[in-house]
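If you want the building blocks of each chain, they are given just below.
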Amino acid sequence: MANFDQELDASGLNCPLPILRAKKAITSLSAGQVLRIVATDPGSVKDFEAFCKQTGNELLESGEEGGKFVFLIKKS
Amino acid sequence: MADQKKLAIIATKGTLDWAYPPFILASTAAALGYDVEIFFTFYGLQCLRKKLKLQVTSLGNPGMPMPMPMPVLLQALPGMQAMMTTMMKAKMKSKGVASVEELRELCQEAEVRFIACQMTVDLFDFNPNDFIDGIEFGGAAMFFEFAGEADITLYI
């Protein structure tokens, strides 16, 4: 598993909360640091793709682990 | 930022269900880096109350999913609206959907600008003290000052 600097558990949260919480968490990181997000909202897969595309942060990984969606985002 | 995108929203509805789209879109756009302004007019002003009294009704709304089929006249009985509101809130909570209050707070934290339509505040005799802090009051011209520069404008 890839390294990360901070983890955000967005399990059980629905749109748009995973994105809003992630945005907050990323704000507290320094450039180059990585945030790991765990979510259960199936819509979050496309949403985090779109979020990264629009904010310029890098989506390092997007996958499933034990029935949950896991994302690694590197702050630009 | 000169290249910052802008989103302008007009929020006109004062029901629990219709309070969501303006706050969801505004908070998300703000998270994506947009500069966002919401202009609350007519019944949309209900969304700015400190103590929200938003309710939901199936009356005149055949698209609302009901736990059981119910004749329209029965839906109009006293107490039904309060019951539907309670059920809707419970359902939203169980599905991890944020409350309107929570989304509104997230918008304010993200510096989304809230503007209350002065004309409708006067028309409905709203007390400005009943509204949350940090809002501005203005008219149509003030809306266009922002919307004229906006990349997206939504009427909800």
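That block above? That's the structure.
Residues numbered from 1 in each chain as written. Chains lettered and ligands numbered in written order. Predicted model: local features only at pLDDT ≥ 70, side-chain atom pairs only at ≥ 80, totals over all residues.

(A) Broad picture of the interface of chain A and chain B. If you look at the interface, chain A gives 11 residues, while chain B gives 11 residues. Those elements that place two or more of their residues in the side of chain A that touches chain B are helix H1 (17-27) and helix H2 (44-55) of chain A. When residues of the side of chain A that touches chain B are assigned to their parent elements, the largest contribution, 4 residues, is made by H1(A). The residue inventory of the side of chain A that touches chain B, partitioned by class, reads 6 nonpolar, 4 polar and 1 charged. (Contact = placed C-beta atoms within 7 Å. Helix = DSSP H or I, 4+ residues; strand = E, 2+ residues; numbered from the N terminus. Nonpolar A, V, L, I, M, F, W, Y, C, P; charged D, E, K, R; others polar.)

(B) Expanded view of H1(A). Listing the buried residues of H1(A) in full gives Leu17(A), Pro18(A), Ile19(A), Leu20(A), Ala22(A), Lys23(A) and Ile26(A). Those residues of H1(A) that are buried are in contact with strand S1 (6-10), strand S2 (34-39), H2 and strand S4 (68-74) of chain A together with helix H1 (16-31) and helix H4 (100-109) of chain B. (Buried ≥ 20, exposed ≤ 12 C-beta atoms within 10 Å, placed from the backbone.)

(C) Quick look at the environment of Arg113(B). All names here are of chain B. Along the chain, the position of Arg113 falls in strand S3 (residues 113-117). With 17 C-beta atoms counted inside 10 Å, the residue Arg113 sits in the partly exposed group. Spatially, the C-alpha atoms of Arg113 and Gly148 are 16 Å apart, while their sequence positions differ by 35 residues. Discounting chain neighbours no more than four positions away, the residues touching Arg113 are Val36, Glu37 and Glu136.

(D) Main features of the sheet that holds S2(A). All names here are of chain A. With mixed pairing, 4 strands are arranged side by side in an open sheet as S1-S2-S4-S3. Lying at the two open borders of the sheet, with one neighbouring strand each, are S1 and strand S3 (58-65). Neighbour-to-neighbour, the strand axes of this sheet turn through a mean angle of 15 degrees, independent of strand direction. Where S1 lies against S2, 5 bridges are found, and the strand directions are parallel. Pairing of Leu8 across the sheet is with Ile37, part of S2. The sheet contacts of H1 involve S1, S2 and S4, and relative to S1 the element is tilted by about 160 degrees. (Pairing = 2+ DSSP bridges. Axes fitted to C-alpha atoms, helices over the stretch in contact; angles between N-to-C directions.)

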